[in-house]
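Here is what each chain is made of, one letter per residue.
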Amino acid sequence: MLLRRVLVGLAALVVLALVAVAVVGVSFVRRPFPQVDGEVAIAGLGAKVSVVRDASGVPHLFGDSILDLAKAQGYVHAQDRFFEMDLRRRTASGTLATLVGSPGVDSDKVIRTMGWRKIAEQELPTLKPLTRQVLQAYADGVNAYLKPRSTNQVAVEYAVLSARVPVGAIPEWTPVDSLVWIKAMAWDLRSNYRDELARARMSGRLTRAQILQVYPTAPLQTRPPILSGEEWSVGSAPGLTRRAAATDPDADAKTWAALTQRTAQQGYDAVGAALSAVPELVGRGEGVGSNSWVVTGAHSATGKPILANDPHLKTSQPGIWVQNSLTCRALSADCPLNVSGFSFAGMPGVIIGHNATIAWGLSNLGPDVTDFYLERVREDTYEVDGIAQPLTQRTEVIEVAGGDPVTITARSTRHGPLLSDVIPALADAGAQAPVADTEDPAERFEVSLAWTGLTPSRTADSLLDVNLARNFPEFRTALTSFAAPGQNFVYADTSGNIGYQATGSVPIRRSAIAKAPAGYWPAPGWDTAYDWQGFVPYQDLPWTLNPQDGVIVAANQAVSASSTPYLTADWDPGYRSTRIAELIAKGGALSAADMAELQLDSDNPLARALVPQLLQVPLASDPFTAQAQDLLRGWDFSTPAEEPAPESAAAAYFNAVWNQFVKLTFDDELPTGMRADGGARWRAAAAALLENPKSPWWDNKQTITVVETREEILRLALVEARLELTRKLGKDPDDWRWGALHTMTLQHPVLGGETSLGPLRWFVNSGPYAVSGGPAIVNATSWDAAAGFGVTAAPSMRMVVDLADLNASTWINLSGASGHPSHPHYADQTGDWVAGRQRPWAFTEAAVRAGDSLSELTLVPASATP
């Protein structure tokens, strides 16, 4: 009896202890949650600012001056998303190691070598006075939130990190912190550097003809560009002249031999490793792009334009975007702002959205804004037209939380930073190997990077000016300074106009190699003929206003059929843009709801080319595989996650077949460590290869005694996919579902990875969610064939703007308004996003206040005296 009483007593104590821990834990986690009602005094405010949060937790700010609104926006962004802001600025500044310790050192080495923050510091004094004032007001608002709070009161992530490394005081926010975020965004969204580097690596193993087969040119007759030839005129931009084979074949052959030799390959490998060390902030590579389109009133049910946009970026928790509105109670010279849309935490204003008269959406233009240069280096010099020039060198000291500082020497040529020696373990091989056409053992190849983002620009001016534009001429003028990342801007206004403007700082090149477009391969850095010759003038970038057909679709495809001005050779194949245009043409008078439904289209264009070939594969002797093959008969090529069940089962099998097809056809030929991701470009390459049964790509180089044919590769893909899905989903193909394979988990960038404990991942991550769609599909939920079927990039938000009634517009974010784990608005929009629903987007103050579940925080000027 005594023992029983003791055990009961101990059990009660354990229960009480667990309850106490739970209470303390909940209190600890909720500690950083923002105050959303009452009053807060902020020094420097000119007048009260109302922060009205709607049922989704989205803040709508109402004030009397643009600087008060900027300060309030900084305060609110810090309330909801400061850890995300801090992580971004430290990553982009090359000080990540001060937050996460030694795991951040390699990233810091690469970014400090490139000098992103130094460029941002140079940009600040060149900006317009109003832009600088807004950036400072925003920073003041952030700091007003941070000043009275400890790190644990700001975000729970600091407390978790402090268990592993010392987390010091949070540095104040500065205008440069906002500008350096633009650099990071431009870095992730720069265009063909991955393709240029991949082609360079392939050149050591494949013929030029083979490489070109997996970089096909989109047929513009069947997949049209953004603009037709009649919709814009070419200005004065210089054309491309090729110095290569047309003038001196022997010199071109010698250059090609130098660029493809073993020591050069080692340099490319080292650069690839260095660039991979930089964390993805908005995503890069396959799947990163956007859908954007706009129609005139002739195509809409309202008689006014409708504009739709869904940028495809890396999935994360929290999501990349912040929804907010910035509204002047009375428009005036001191308060000209009346804008609503999607912002970046860390940046003032709105990036994508609308004001009272215009709306705009963005998609990645993808111009070729980077070039790799192979440099001949000897000690502290490099060769320029046969003459040794000194390398530019500077010392950088990287502070490491919980460790000793790391000192590096950043070196640059006239083209840009040398990246092939940043990560020493991989740089050693290249440093020890002499250049092939010299007898000097001290001379070696290194690789430098030229990137437009390393030239100071005034993109921040454009971001603010677009918020203030009232018509298309003002809109175009606002974009004059938009340098990086190059973007397609689609436009609509309440007067019924629609338009388009290409933006970005695009290099002019005069020389090319091996009969390829300029910038297609790395260039010989020792020859000034391959240097950039300036930049395409803004007035010569493509644009249009009110095209005859009343439709503009910009989904990363080619801008036009013209090669002047030269923008890039690496356009998206145009599957998504073509499908969008087809659906608009069939849609009749479209409503905003119709546009939102179009964003969910899951038709797989590759399946239309590949399935007929797969159904011709004879499987009479293999009834097990034939049972799965039958799923493809009558399939409508849609890719739903769950329902309709027959379509979802067919989608699961087709994607598994495609995954095997990629491995069997491409991976065996690629250099060590490189695998095909199976995205849009590989799909276009496969569609072309299906028409070329004699291509060397069909033979599997790993089967030395067998030469595979196209038919054999297709059969093997069917067989292996059947076996894979049987293991993963069961024996009966009718029970397979695409959503069982294709899931999306929103992962915290620091605490959500596989190295974190399971309970911690559960706390900070969201998902998995079964989703429809895939690469090169309008509902662009991309996956990487080298890694599995999990979503790697997706529509980071969706919006539809109704220019007939801005209050009738709709929007949805991938995650939620809050960046605080376990907050009610941390992931509350994800369910609607997965289901394809959008939420009402109130714009006017009356419409906002008419909503449900409102809270209101009033920011008031702090008293001048204590």
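Residues numbered from 1 in each chain as written. Predicted model: local features only at pLDDT ≥ 70, side-chain atom pairs only at ≥ 80, totals over all residues. Heavy atoms only, no water.

A few points about the overall build of the chain
Reasoning step 1: Across its full length, the chain carries 27 helices and 28 strands.
Reasoning step 2: Its C-alpha atoms give the chain a radius of gyration of 28 Å, within 12% of the compact-globule value 29 Å for 866 residues.
Reasoning step 3: Dimensions of the chain, computed from the C-alpha atoms along their principal axes, are close to 80 × 75 × 70 Å.
Reasoning step 4: Considering only residue pairs separated by 6 or more positions, the chain has 74% of its internal contacts joining residues 24 or more positions apart.
Reasoning step 5: Total accessible area on the chain stands at roughly 32,300 Å², and carbon and sulfur atoms take up 55% of it.
Reasoning step 6: The averaged location of the 90 negative side-chain charges in the chain is 3 Å from the averaged location of its 71 positive side-chain charges. (Helix = DSSP H or I, 4+ residues; strand = E, 2+ residues; numbered from the N terminus. Rg over C-alpha atoms; globule rule 2.2 N^0.38 Å. Contact = heavy atoms within 4.5 Å. Areas by Shrake-Rupley, 256 points an atom, 1.4 Å probe, with all protein chains shown as cover. Lys, Arg positive; Asp, Glu negative; His and termini not counted. Charge placed at Lys NZ, Arg CZ, Asp CG, Glu CD.)

Structural notes on the pattern of salt bridges
Any two side chains of opposite charge can pair, on the condition that their charged atoms come close.
Reasoning step 1: Across all of its chains, the model carries 41 salt bridges by this definition.
Reasoning step 2: The salt bridge partner of D177 is R89, with a shortest N-O separation of 2.9 Å. Taken as a pair, D177 in helix α9 (residues 175-189) and R89 in helix α2 (residues 66-93) lie far apart in primary sequence, 88 residues in all.
Reasoning step 3: Residue classification places R89 among the buried residues on the basis of a relative accessible area of 5%.
Reasoning step 4: Within the structure, one salt-bridge network assembled from shared partners comprises D86, R89, R90, R117, E121 and D177. (Salt bridge = Lys/Arg side-chain N within 4 Å of Asp/Glu carboxyl O. Buried < 20%, exposed > 50% of the residue type's maximum accessible area, 1.4 Å probe, protein only.)

A short note on helix α10 (residues 193-202)
Reasoning step 1: The buried fraction of α10 is high, at nine of 10 residues.
Reasoning step 2: Within the sequence span of α10, burial applies to Y193, D195, E196, L197, A198, R199, A200, R201 and M202.

Regarding unusual backbone geometry
The phi torsion of most residues other than glycine is negative, and most of the peptide bonds are trans.
Reasoning step 1: With an omega of -5 degrees, the peptide bond between T564 and P565 qualifies as cis.
Reasoning step 2: By the element assignment, P565 lies in the loop between β20 (551-554) and α17 (575-586).
Reasoning step 3: The phi dihedral of D385 falls on the positive side, at around 50 degrees, and the residue is not glycine.
Reasoning step 4: Locating D385 in the fold gives a position in the loop between β11 (381-384) and β12 (387-390).
Reasoning step 5: At S853, a position not held by glycine, the phi torsion is positive, near 55 degrees.

Details of the environment of K728
Reasoning step 1: Topologically, K728 is positioned in helix α23 (residues 710-729).
Reasoning step 2: Sequence separation between K728 and L854 is 126 residues, and the spatial gap between their C-alpha atoms is 46 Å.
Reasoning step 3: For K728, the contacting residues outside a window of four places in its chain are L741 and F789.
Reasoning step 4: Of the polar contacts made by the side chain of K728, one reaches the side chain of E724; its length is 2.9 Å. (Polar contact = N/O pair within 3.5 Å; in protein donor to acceptor, adjacent residues only side chain to side chain.)

Side note on α17
Reasoning step 1: With 12 residues, α17 extends 17 Å from end C-alpha to end C-alpha; this agrees with the ideal 16 Å at 1.5 Å per step.
Reasoning step 2: The complete set of buried residues in α17 reads Y575, R576, S577, T578, R579, I580 and I584.
Reasoning step 3: Looking one or two residues beyond α17, the residue adopting positive phi is G588, at roughly 70 degrees. (Expected span 1.5 Å × (residues − 1).)

Digging into empty space enclosed by the protein
Reasoning step 1: This structure, assessed with the given rule, holds eight cavities of 30 Å³ or more.
Reasoning step 2: In this structure, the largest cavity occupies an estimated 170 Å³ of space.
Reasoning step 3: Forming the walls of the largest cavity are 18 residues, and the residues nearest its centre are M185, L189, W321, L362 and Q487.
Reasoning step 4: Residue assignment for the lining of the largest cavity shows that the elements contributing at least two residues are α9, β4 (289-295), β5 (306-314) and β9 (358-364).
Reasoning step 5: Top element by residues in the lining of the largest cavity is β9. It accounts for three residues.
Reasoning step 6: Within the lining of the largest cavity, the residues separate by chemical class into 13 nonpolar, five polar and no charged. (1 Å grid on protein atoms, 1.4 Å probe; cavity = no way out; pocket = protein on both sides within 12 Å on 5 of 7 lines; lining within 4 Å. Points joined across faces, edges and corners; volume = space filled by probe spheres on them. Nonpolar A, V, L, I, M, F, W, Y, C, P; charged D, E, K, R; others polar.)

Some remarks on the nonpolar core
Reasoning step 1: Counting 209 residues, the largest nonpolar core has F82, W116, F475, Y500, Y653 and L859 as its most contacted members.
Reasoning step 2: Looking at this core element by element, the count peaks at 13 residues for helix α21 (residues 645-667).
Reasoning step 3: Core analysis: the next-biggest nonpolar cluster, separate from the first, contains 15 residues, W293, V551, A596 and L598 among them. (Core = buried A, V, L, I, M, F, W, Y, C linked by side-chain atoms within 4.5 Å.)

Structural notes on the layout of surface pockets
Reasoning step 1: Computed from the structure, the second largest pocket encloses a volume of approximately 490 Å³.
Reasoning step 2: E597, L600, D601, S602 and S772 are, among the 27 residues lining the second largest pocket, the residues nearest its centre.
Reasoning step 3: Of all the secondary-structure elements, those providing two or more residues to the lining of the second largest pocket are α17, α18 (592-598) and α26 (830-835).
Reasoning step 4: Looking at the lining of the second largest pocket residue by residue, the class counts come to 11 nonpolar, six polar and 10 charged.

Considering the packing of aromatic side chains
Geometry of an aromatic ring pair is reported as the spacing of the ring centres plus the angle between the planes.
Reasoning step 1: Counted under the stated rule, the structure contains 33 aromatic pairs.
Reasoning step 2: Between F445 and W526 the ring centres are 5.9 Å apart and the planes differ by 20 degrees, which places this aromatic pair in the stacked class. With F445 in strand β15 (residues 443-451) and W526 in the loop between β18 (523-524) and β19 (543-545), this residue pair connects regions lying 81 residues apart in the sequence.
Reasoning step 3: Given a relative accessible area of 4%, F445 falls into the buried group.
Reasoning step 4: When the ring of W783 is compared with that of F789, the centres are 5.0 Å apart and the planes differ by 50 degrees; the resulting orientation is tilted. Neither residue differs from the other here; W783 and F789 are each classed as buried.
Reasoning step 5: An aromatic cluster is built from W181, W321, F342, F344, W811 and W841, whose rings are joined through pairwise contacts.
Reasoning step 6: Across from the ring centre of W526, 4.0 Å away, lies the NZ or CZ of R376, which sits over that ring.
Reasoning step 7: One residue, R681, lies across the ring of Y215, its end atom 3.8 Å from the ring centre. (Phe/Tyr/Trp six-rings, centres within 6.5 Å; stacked < 30°, edge-to-face > 60°. Lys NZ or Arg CZ within 6 Å of the ring centre and 35° of its normal.)

Considering the side chain of S203
Reasoning step 1: Checked against the element boundaries, S203 lands in the loop between α10 and α11 (208-213).
Reasoning step 2: Look at S203 and you get buried, because its relative accessible area is 11%.
Reasoning step 3: At 2.5 Å, the side chain of S203 forms a polar contact with the backbone oxygen of A200.

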